[in-house]
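Now for the letters of each chain:
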Amino acid sequence: MNTESKPATGSRPLSPVIIVGSFLLLLAFLFLIGQGLRRAYAGPIAIGQKVPAFELTTFEGEVIRTTDWQGKVIVVNFWASWCKPCEQEATDLERAWQHYREGREVLFLGVDYVDTEPEARAFIEKFGLTYPNGPDLRTKISQMFRIQGVPETYIIDRAGRLAFVKKGPTSFNEMTGVIDRLLAQAP
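Taking an unreviewed UniProt entry as the reference, the chain is identified by name as TlpA disulfide reductase family protein belonging to Thermanaerothrix solaris. As its UniProt record puts it under Subcellular location (unreviewed entry), the chain is described as follows: "Cell envelope".

Draft legend 1. The arrangement of the overall build of the chain in detail. Helix and strand content of the chain: five helices and seven strands. Starting at the N terminus and walking to the C terminus, you meet the elements of the chain as α-β-β-β-α-β-α-β-α-β-β-α. The buried share among the 187 residues of the chain stands at 37%. Summarising the internal contacts of the chain: among those between residues at least 6 apart in sequence, 73% fall at separations of at least 24. Surface exposure of the chain reaches about 11500 Å², of which carbon and sulfur atoms provide 58%.

Draft legend 2. Inspection of the packing of helix α2 (residues 84-100) against helix α5 (residues 172-184) at higher detail. Look at α2 against α5: their axes get within 9 Å of each other, and the N-to-C directions meet at 30°. Between α2 and α5, the angle is such that the two are roughly parallel. Crossing handedness for the pair α2 and α5: right-handed. Listed contacts from α5 to D92, L93, R95, A96, H99 and Y100 of α2 are F172, M175, T176, I179, D180 and L183. Partitioning the contact of α2 with α5 into residue classes produces seven nonpolar, two polar and three charged.

Draft legend 3. Geometry of the nonpolar core. Counting residues in hydrophobic clusters, the biggest one holds 47 residues, and the most contacted among them are V76, F78, F108, F145, I155 and I179. Those elements giving two or more residues to this core turn out to be β3 (73-79), α2, β4 (106-112), α3 (117-127), α4 (140-145), β6 (152-156), β7 (162-167) and α5. Beyond its immediate chain neighbours, meaning those up to four positions away, V76 contacts F54, L109, V111, F145, E152, T153, Y154 and I156.

Draft legend 4. Structural detail: the environment of Q98. Secondary-structure assignment places Q98 in helix α2. Remark: the alpha-carbon pair of Q98 and T130, spanning 32 residues in sequence, is separated by 8.5 Å. A polar atom in the side chain of Q98 sits 2.9 Å from the side chain of T130.

Draft legend 5. Quick peek at α5. A rise of 1.5 Å per residue sets the reference length of α5, with its 13 residues, at 18 Å; its end C-alpha atoms lie 18 Å apart and thus fit the reference within 8%. Looking only at α5, the buried set comprises F172, M175, T176, V178, I179 and L182. Along the axis of α5, the buried positions cluster into a sector of 165°, meaning they face one direction only. Exposed positions of α5 whose direction lies more than 90 degrees from the buried face are N173 and A184. Tucked into the core, α5 has its buried residues touching β3, α2, β4, β6 and β7.

Draft legend 6. Fine view of the state of the cysteines. Under the defined criterion, the tally for this structure stands at one disulfide. Between C83 and C86 runs a disulfide, and the two sulfur atoms are separated by 2.4 Å. With the S-S dihedral at roughly 85°, the linkage between C83 and C86 falls on the right-handed side. Just as C83 is buried, C86 falls in that class too.

Draft legend 7. Fine view of the sheet that holds β3. The strand order across the open sheet formed by five strands is β5-β4-β3-β6-β7, and the pairing between neighbours is mixed. Edge strands, defined here as strands with exactly one partner in the open sheet, are β5 (133-135) and β7. Here the strands of the sheet are splayed against their neighbours by 20° on average, with no regard to which way each runs. As paired elements, β6 and β7 share five bridges and run antiparallel to each other. Bridging from a neighbouring strand, T153 pairs with K166 of β7. Its contacts with the sheet put α2 on β3, β4 and β6, and the angle it makes with β4 is roughly 155°.

Calculation rules
Residues numbered from 1 in each chain as written. Predicted model: local features only at pLDDT ≥ 70, side-chain atom pairs only at ≥ 80, totals over all residues. Heavy atoms only, no water. UniProt positions renumbered as here; feature names shortened; annotations may be inferred. Helix = DSSP H or I, 4+ residues; strand = E, 2+ residues; numbered from the N terminus. Buried < 20%, exposed > 50% of the residue type's maximum accessible area, 1.4 Å probe, protein only. Contact = heavy atoms within 4.5 Å. Areas by Shrake-Rupley, 256 points an atom, 1.4 Å probe, with all protein chains shown as cover. Axes fitted to C-alpha atoms, helices over the stretch in contact; angles between N-to-C directions. Parallel < 35°, antiparallel > 145°, perpendicular 65-115°, else oblique. Left-handed = near helix turned anticlockwise from the far one by under 90°. Nonpolar A, V, L, I, M, F, W, Y, C, P; charged D, E, K, R; others polar. Core = buried A, V, L, I, M, F, W, Y, C linked by side-chain atoms within 4.5 Å. Polar contact = N/O pair within 3.5 Å; in protein donor to acceptor, adjacent residues only side chain to side chain. Expected span 1.5 Å × (residues − 1). Arc of directions from axis to C-beta. Disulfide = S-S within 2.5 Å. Pairing = 2+ DSSP bridges.

As structure tokens, this is what we get:
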């Protein structure tokens, strides 16, 4: 009886090009998975860190880019029509917006989170919100800030760094205290 193993008819050893190519493809795949995990486990933007540029398309179709507001203070408020605490702060946010609106040194952005457009528009109308508001399409902005719920308010200083975070409803006095301090600082 012959115990030697013979290659199957028609089979050839794998070419070194195929082996190296497969290995490189595997490395690229592992790299992409690693990058995704790093982003998924990254913490929220910390106070003092630079906030990446982003844009918000309002319910009226206007595109607002934070890069167009460099050197200004930016207030970003995450809200939803179904959020009861958001109702508590809506009037104070509008009042603060009206307080700073004319000077064009402060931009308020309302980012509607996981909502439907009709309900969001009804919320805006109910509270008479006049600062720019738009949906967080594909939750892109909320993922960048790593929000944990609504309402959440982030205030970005003139240098583009995160200066203030409030998880939960904010108030007129709380916001104006932070904004006035930031406006007093040299750009």
